[in-house]
Every structure is written in C-alpha cells, then in structure tokens.
Amino acid sequence: MKKVDFDNGSITKNIVQTALPMLVAQVISLLYSIVDRIYIGRIEGCGTQALGAIGLCFPIVILIGGFTNMFGLGGAPLFSIALGKNDRKKARDVLNTSFRLEIITGAVLMLVCELFAPQILSLFGAAADELAFSVPYIRIYLTGTIFTMIATGMNPYINAQGYATVGMKSVLVGAVSNIILDPIFIFKLGMGVSGAAAATVISQFLSMLFVLRFLLGEKNEFRIVFKRPFTLPYAKEIISLGLSPFVMQCTNSLVSVVCNSVLMKTGGALYVSVMTIISSVRQILDTPILAIAEGASPTISYNYGAQRPKKVQSAITIMAAAGILYTCVMWMAIERFPLLFIKIFSDDATLQQLALRPLHLYFFAFVFQAFQYSGQTVFKALNKKKQAIFFSLFRKVIMVVPLTYLLSYTFAMGTDGVFAAEPISNVIGGLACFTTMAATVIPELKRLSLS
C-alpha cells in the first residue's frame, strides 16, 4: 500500500496524492444516490412522481450523513494533529472512540427513524401520494444506517494515515455493487423504489466490510481494538470539532425541508421534482471541490501539529486557488449546457423545460462556494471550533431559510424565490467565511513562523 508522506515532499504533491483518490472516492460515493435517482426517474408511468417523493427523504439521509461526519470529519483532524505531534496513543484513542460513536449513534438513528418514518415524512411535506413511494424507500434504506456510518465515517482516518487509495477502493466496492444491483432490483425484480433502497443497503454493507478489513488488519498501525476503553474526553473533543460538519449537514436538511415546503405551496409537487434534480446536480458539482478541500485537510492539520506554519499557508493557498478555478469552469458549463445536466435525471420533456430557469438561478454565484469550503475547511483542520460552527450556521440558517420565505412570499417571487436564495447566500456567506479565515488564521501562521 502506497502511503502519502506528510513529512516530506512538496505541499502540492501531498495534496494531489490525497485529493485525487478522494476525488475518485467521492465521485464513486456520489453514484450511490445519483444512480438511484437516474433509475427512479425512469420508472415507467411514475418516474417523475417517484423522483419527487424520494427527494422528500433527503432530509433524513442528510441527517444520517451529519452524524457520520460529526465523528469522522470531527475526529480526523484531531487524529492528524496527534500524528504531527507524534502522539500515537492519542491518535489510536481518537480513532477507536470515533468508531464506537458511529455504531452507537447509528443504532439509535435507525430505531427512531424506522418507528416514526411516516410522521417525519409528513412533517417534511409528503402527502398520501408521495408517502406511498417515500415510506418503503426510507424504511429499507435505514436498515443500512450502521453500515453507512462505519463505511463513510471511518474513511477519513484511513486518508489521514496517508492511505487515500485504500479509502478510494472501499468506496469503489460499494458503488460498483450499487450500479450492478440497482437495475436488477428496480426493474428485473420489479421492486421499484424499494429495490433502489435494497441495492444501496447491500452495497453499503460491502463497503463497510472493506473498511473494517483494513482497520482490523494486523499490518495497520492504528487498528480498531474492541477491548480498548471508550475515552470520554476524546469523545467530547470529537463531537465539539465535529459540530461544524454536523451543523452544515443538518442545516442542509433544514433547508431541504423549507424549500420543499415552499415549493409545494407555490408551485406544486412538480417543483419538488425540479428541486430533486437541481440538488442532484449540486451534489455532482460539489464533489470535486469537496475532494480538494478534504484532500488538503490532512496536510493542513498534520503540518499545523508539526509546527510548520509556512507549509500550512501554502496548503491553504493551493486549496483556495484550485477551488476557485474549478467553480468558475463549472458555472460556465451550466450556463452553456444546462439541459445536459438536467437530462441525466429525467427524460420528461416538460420537467426538463421547467427546470431550466431554476437551474440558472440556483447556480448563478456558484464560484463563491469555493470561498465557503476553503474557509470552513481551514477552521475545521486547525481545530477552531467556534468559527467552524458559526459559519456552518450563518450561510444556511441565518441566510437561506429566511431568504427563501422573504423572496417567495414578501417579494412575491414564488418558486423563483426558493432558487434565488442560494446564490445570494453564497456571495455573502462565502465571502464572510473566507475573509474571516484570512484575517485570523494567516496572521497567526505568520506569528508562528517568526517564533
């Protein structure tokens, strides 16, 4: 297994060696949900309605992802900083504590959401017609909650050790399985949306087995040890730092609920299907920038722990520049070829035409996503909890949610108001996050380099 050497080599090389496998892993991971939607949108006779119904399940799926990231992305920077300080014992304890948190939380989430799935989905705006599709889907999907949380939540610890290729392969196992099983379960066995969920659960299970095979292996220095005690102080540290990605995911869930609710009232169920398509396109386009950010994160954390401020500053510059370049290119692609993105998820000509204007509105200020992700990643990687949590809340809760209601109702923009809230929040939130990071972190790094 080839390992990234964070002690040697250029910063660019270290980031690329980590980010490229992570990009492949995230693209493959994206296929879990994207492939489901591609097939669901093409179910004969009910594809458009089923696509909208599955969109109503997103808040639950996002919430599970939030808890997964709380312990994975929350603990991995602590793990990397400990490695930079050569504190092997703390690194082992952080990894093992995170593993236990993933299992315990996964079991609780699965039980609660299984019991109250219809009530939760009704709260999210699902009517009787949508519940007929969404309840069977989410109940089957939830059986794989622990599989998902271990497979996804423990992957950052593999990447933090420098084994990004192993992390990529763990995701590849599940994604390939999902691609193969989806058409079999959905069409050949005639299970429809339930088949999509069943295929996902089996795929997640296989991905989890691959992750555990590595983390339990004798050759791995930082193994999962079941007899190792649960470390409460480290659990608090993990949760404290992990609140940032958790809040970000939860606010995404909140925004999804609010947007779907307003769209149902101002445009009807068809606009929920439009939002499902746009959210899916957003996931596709966000994947590379997330890979750049998360690929830079171990390098930033490790060198910060090792007291190498100049390398930290270089990593931040490379990450931000790459993110800005990528988002500019993607914005131009959407402006030039919007239907190309929409047709991935639906063959319905009416739905395609209806989605054109919302797509342009929603991605109007996409480049500012790079500023948000860059600033957020630095705060998280350097264990700056307060700033990370604040800016997670600021863009979504403080801006998007009020703007959605304000633009749609007060300014009478209707459905346009829902889609216009995103670019406005991108500009203000992205700039505020990045500017604050630059004004606080860069001076600190300069002081460290002089000491």
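Here the structure is shown first, and the text comes after it.
Residues numbered from 1 in each chain as written. Predicted model: local features only at pLDDT ≥ 70, side-chain atom pairs only at ≥ 80, totals over all residues. Heavy atoms only, no water.

1. Quick look at the overall build of the protein chain
Phase 1 of the analysis: Regarding its fold elements, the protein chain presents 18 helices and zero strands.
Phase 2 of the analysis: Expected size for 451 residues packed as a compact globule is a radius of gyration near 22 Å; at 21 Å, the protein chain falls within 12% of this value.
Phase 3 of the analysis: Projected onto its principal axes, the C-alpha positions of the protein chain cover 65 × 45 × 35 Å.
Phase 4 of the analysis: Scored against the burial criterion, the 451 residues of the protein chain give a buried share of 60%.
Phase 5 of the analysis: Long-range contacts, defined as pairs at least 24 residues apart, comprise 82% of the intrachain contacts of the protein chain with a sequence gap of at least 6.
Phase 6 of the analysis: In the form shown here, the protein chain has an accessible surface area of approximately 17700 Å², with 68% of it arising from carbon and sulfur atoms.
Phase 7 of the analysis: Taken as two groups, the 36 positive and 22 negative side-chain charges of the protein chain have centres that lie 10 Å from each other. (Helix = DSSP H or I, 4+ residues; strand = E, 2+ residues; numbered from the N terminus. Rg over C-alpha atoms; globule rule 2.2 N^0.38 Å. Buried < 20%, exposed > 50% of the residue type's maximum accessible area, 1.4 Å probe, protein only. Contact = heavy atoms within 4.5 Å. Areas by Shrake-Rupley, 256 points an atom, 1.4 Å probe, with all protein chains shown as cover. Lys, Arg positive; Asp, Glu negative; His and termini not counted. Charge placed at Lys NZ, Arg CZ, Asp CG, Glu CD.)

2. Focus on the layout of surface pockets
Where empty space is left can be seen by rolling a probe of water-molecule size over the atoms.
Phase 1 of the analysis: By volume, the second largest pocket is sized at about 190 Å³.
Phase 2 of the analysis: If you trace the second largest pocket, you find 13 residues lining it, with Val-16, Ala-19, Leu-20, Ile-292 and Ala-322 closest to the centre.
Phase 3 of the analysis: At six residues, the largest contribution of residues to the lining of the second largest pocket is made by helix 1 (residues 11-40).
Phase 4 of the analysis: Here the residues of the lining of the second largest pocket sort into twelve nonpolar, one polar and no charged. (1 Å grid on protein atoms, 1.4 Å probe; cavity = no way out; pocket = protein on both sides within 12 Å on 5 of 7 lines; lining within 4 Å. Points joined across faces, edges and corners; volume = space filled by probe spheres on them. Nonpolar A, V, L, I, M, F, W, Y, C, P; charged D, E, K, R; others polar.)

3. Some remarks on a nonpolar patch on the surface
Phase 1 of the analysis: There is a patch of nonpolar side chains on the surface, built from Ile-104, Val-108, Leu-111, Val-112, Leu-115 and Phe-116 and spanning about 570 Å² of accessible area.
Phase 2 of the analysis: With respect to the helices and strands, Ile-104 occurs in helix 4 (residues 88-115). (Patch = residues over 30% accessible without salt bridge, like charges linked within 9 Å, V, L, I, M, F, W, Y side chains within 5 Å. Salt bridge = Lys/Arg side-chain N within 4 Å of Asp/Glu carboxyl O.)

4. Some details on the nonpolar core
Phase 1 of the analysis: Within the largest apolar cluster, 136 residues are counted, with the highest numbers of intra-cluster contacts made by Phe-79, Leu-121, Tyr-137, Val-281, Leu-285, Ile-300 and Phe-363.
Phase 2 of the analysis: Every residue in contact with Ile-300, bar those within four places of it in the chain, is listed here: Val-312, Ala-315, Ile-316, Met-319, Val-378, Ala-381 and Leu-382. (Core = buried A, V, L, I, M, F, W, Y, C linked by side-chain atoms within 4.5 Å.)

5. Quick look at unusual backbone geometry
Phase 1 of the analysis: Here the phi dihedral of Asn-86 falls at roughly 65 degrees; this positive angle occurs in a residue that is not glycine.
Phase 2 of the analysis: Structurally, Asn-86 is set in the loop between helix 3 (58-84) and helix 4.
Phase 3 of the analysis: Positive phi values are uncommon outside glycine, yet Ala-412 reaches one of about 55 degrees.
Phase 4 of the analysis: Relative to the helices and strands, Ala-412 is located in the loop between helix 17 (385-410) and helix 18 (415-450).
Phase 5 of the analysis: Looking at Ala-412, the relative accessible area reads 65%, which means it is exposed.

6. Section: the pattern of salt bridges
Phase 1 of the analysis: Counted under the stated rule, the structure contains nine salt bridges.
Phase 2 of the analysis: Salt bridges sharing common partners tie together Arg-282, Asp-286, Arg-395, Lys-396 and Glu-422.

7. Some details on the packing of aromatic side chains
Phase 1 of the analysis: Following the criterion strictly, the structure yields 15 aromatic pairs and no others.
Phase 2 of the analysis: Taken together, a centroid distance of 5.6 Å and an interplanar angle of 85 degrees make the contact between Phe-79 and Tyr-157 edge-to-face. Remark: Tyr-157 occurs in helix 8 (residues 155-160) and Phe-79 occurs in helix 3; sequence separation between them is 78 residues. Grouping residues by exposure puts Phe-79 and Tyr-157 together as buried.
Phase 3 of the analysis: Taking the centre distance of 5.3 Å and the plane angle of 75 degrees together, the rings of Phe-79 and Phe-222 count as edge-to-face. Of the two residues, Phe-79 is situated in helix 3 and Phe-222 in the loop between helix 10 (193-215) and helix 11 (232-266); the sequence distance between them amounts to 143 residues.
Phase 4 of the analysis: By relative accessible area, Phe-79 is classed as buried at 0%. (Phe/Tyr/Trp six-rings, centres within 6.5 Å; stacked < 30°, edge-to-face > 60°.)

8. Comments concerning the packing of helix 17 against helix 18
Phase 1 of the analysis: At a minimum axis distance of 8 Å, the contact between helix 17 and helix 18 shows a crossing angle of 150 degrees. As summarised for this structure, helix 17 and helix 18 are arranged roughly antiparallel, according to the angle between their axes. Crossing hand, helix 17 versus helix 18: right-handed.
Phase 2 of the analysis: Among the residues making up the contact of helix 17 with helix 18, the classes are represented as 13 nonpolar, eight polar and three charged. (Axes fitted to C-alpha atoms, helices over the stretch in contact; angles between N-to-C directions. Parallel < 35°, antiparallel > 145°, perpendicular 65-115°, else oblique. Left-handed = near helix turned anticlockwise from the far one by under 90°.)

9. Re the packing of helix 15 (residues 349-362) against helix 18
Phase 1 of the analysis: One can describe the packing of helix 15 onto helix 18 by two numbers: an axis separation of 7 Å at closest approach and a directional angle of 25 degrees. What the angle tells us is that helix 15 and helix 18 run roughly parallel. Each of Arg-357, Pro-358, Leu-361 and Tyr-362 in helix 15 lies in contact with helix 18, whose residues at this interface are Asp-416, Phe-419, Ala-420, Glu-422 and Pro-423.
Phase 2 of the analysis: Broken down by class, the residue content of the contact of helix 15 with helix 18 amounts to six nonpolar, no polar and three charged.

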